[in-house]
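Residue strings, one per chain:
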Amino acid sequence: MPISSQLIRSVTAQMYEWSLKQIPDDTRDVLKKFAAAERNPVGRKTLAIMLESSEAAKQNSQLVCSDVGFPVYMIKVGSRAQIDGNLRQAITDGFADLVDGINPPILQMVTHPLTHKRSYAAPGMPQVTFDWVDDADYIEITCSPKALGSGRWAALEIFVYPSLDQVEKYVMDCVLRAGSQACPPIVVGVGIGGTFDYAAKMAKEATLRPHGVHNEDPMVAALEERLLKAINATGFGPMGTGGDATAMAVNVNISHGHGFVPIAVCFNCWINRRTRVRIGNDGEVTRYE
Amino acid sequence: MSSHASRASATHHLTLPVTAEDVRKIAVGDMVYLNGEIVVTIGLPTHQRILDNAASGGHLPQALPHGAFFHLSCYNRETADGSYEALYMNPSTSTRYNSYMPRIVKALDLRMVGGKGGLDAASVAAMRETGCIYLSFLGGGCTMLARAIEKVVAVDWTDYISQFRLVTLQVKDLGPATVGIDAHGNSIYTTLAQEAQDKLPALLAQMKAEREAAAPPAGE
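Residue indices begin from 1 for each chain and proceed along its sequence in written order. Whichever chain is written first is A, and whichever ligand is written first is 1; the rest continue in order. Per-residue local features of the predicted model are confined to residues with pLDDT of at least 70, and side-chain atom pairs are confined, for both listing and counting, to 80 or more; whole-chain, interface and lining totals are unaffected and use all residues.

Caption draft 1: Focus on the sheet that holds strand β11 (residues 260-268) of chain A. Residues and elements named next belong to chain A. Pairing between strands is defined by DSSP: at least two bridges between them are needed. Numbering of helices and strands runs from the N terminus; a helix is a DSSP stretch of H or I covering at least four residues, while a strand is a stretch of E covering at least two. An order of β8-β11-β9-β10 is seen for the four strands of this open sheet, with the pairing classed as mixed. The open sheet terminates on both sides in strands that have one partner only, identified here as β8 (155-160) and β10 (247-255). With strand direction ignored, the average angle separating the axes of adjacent strands in the sheet is 15 degrees. As defined by bridge partners, strand β9 (residues 186-193) adjoins β11 across six bridges and the pair is classed as antiparallel. The residue bridging Val-187 from the neighbouring strand is Asn-268, located in β11. C-beta atoms are first placed from the backbone for all residues, and any pair lying within 7 Å is then listed as a contact. Between N-to-C directions, angles span 0 to 180 degrees; the directions come from axes that are lines fitted to C-alpha atoms, helices contributing only their stretch in contact. Contacts from helix α6 (residues 164-178) reach β8, β9 and β11 within the one sheet, and its direction differs from that of β11 by about 30 degrees. In the packing of helix α8 (residues 218-231) onto the sheet, contacts are made with β9 and β10, and the angle to β10 comes to roughly 145 degrees.

Caption draft 2: Up close: helix α4 (residues 121-130) of chain B. All names here are of chain B. All buried positions along α4 are accounted for by Ser-123, Val-124, Ala-126 and Met-127. All buried residues of α4 fall inside an arc of 165 degrees around its axis, so they share one side. Among the structural elements, α3 (101-107), β7 (133-136) and β9 (166-181) are those in contact with the buried residues of α4. Counting other C-beta atoms within 10 Å of its own, a residue is labelled buried from 20 upward, exposed at 12 or fewer, and partly exposed in the gap between, with every C-beta atom placed from the backbone. Summarising the geometry, the arc corresponds to the directions from the helix axis toward the C-beta atoms.

Caption draft 3: Representation of the interface of chain B and chain A in the model. Each partner contributes residues to the interface: chain B has 49 residues there, and chain A has 51 residues. Looking at the side of chain B that touches chain A, the elements that each hand over two or more residues are β4 (72-78), β5 (84-91), α5 (142-146), β9 and α6 (188-214) of chain B. Of all the elements, α6(B) adds the most residues to the side of chain B that touches chain A, at 17 residues.

Caption draft 4: A look at the nonpolar core. Linking buried Ala, Val, Leu, Ile, Met, Phe, Trp, Tyr and Cys residues through C-beta atoms within 7 Å yields a set, and such a set is a nonpolar core. Residues A:Val188, A:Val190 and B:Ile133 are the most contacted members of the largest nonpolar core, which totals 144 residues. Considering every element that reaches this core, the biggest residue donor is β9(B), with eight residues. Not counting residues within four places of it along the chain, the set of residues in contact with B:Ile133 comprises B:Val23, B:Ile26, B:Met112, B:Val179, B:Ile181, B:Asp182 and B:Ala183.

Purely geometric numbers; function is a separate question.
Right, dumping it as structure tokens:
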């Protein structure tokens, strides 16, 4: 039995709502750990109110942040997945359902890049990208609404045969540029290698990694660890008003390429929006995050 | 100011309106709870209209001159009886408004501004001149901040979309907000950015040392 477009429509709308009204469990756990360890009293208080406010949002079905971002979905399609109907249209309809039905209502965030006019719907919205999974009978959907607070600090530069000194300096420069403003403690996603567009995609995917999962390559995992330690020594702290807790994780993905090496760096703010589900050909929906 | 990590943070419960003298007693790193009327918007065009109306003597909310003006995004809507309700609010990135804020702070002689992430040096200078502090609210603090809304006093410029309107709210114990910039020219944002920049060479050297300790250079 194929996966119905109606199911995709309702699931993608629901995923958006989940991502707005609660933070991921692993993120909450990291914030708790940070709150216990934070040496700066203002930072400690800030972490405490992050936990309190996000918990209240979850309990009362309220928004964690008023900037609900714009809708971004990433879909992995299994080679044996069967879909009945139009997948992209189902997601567009799902988002329209969400706008009509969500309580409390959400603000208009979809913004024309040149006129800056805001709306709920626009051509190409939601932003949906696809990947292919060989020998799989499911589709996997990730929803990560992207807001301005952390979205605006992403950066990419092309290097030629960069040394690790250069790699580390570039990531640190990007973190310092975002400084107090990306609503720390942040998750830093880094993509190194491949092409211009692929490095950005790797960085984005890196921000969506579950907490505690490190790159399988020990050399890259060590890079993640060094960068995390360095970022947490910068002093920006929770909400950028000072403290130890500046980053929850640094996740790095790499790809072979040529001697020109794009390095992309992007950020998630402390609410770390991401939800992920898998829908099987049998219609079973499994929520991972 | 050195890193504020070691200094004691005072907590202030303030009722608006406050005087320049009142806010000059407040230091960077202090925490504030607010009562009274605040004015909020996150609209860029709203900022231009504020400046235009301040210059021409056009309409501005009563609480705005000498008052508290925050970059808080507020969902407000008209109810059946023609009044307005505010469902929630949450800060936006204040540096987006850097080009307007020094002029607004001075034109309206503001006592408090805020949002999240701070403002630039020109704003800090203007704030020092008028006697004005910057409050950092919790980004992602929608639920907590919404609890403080007691009443919608006025919604001006309803030709804009909800969050761009100029909304006057009566709040009770709004906070805690962290004082990011005080009225004496101290900015936590400038200090932290400078301190991080100063630490950077040592942090890079440390990473290099850790790398080389783990795997000595091959000497190729």
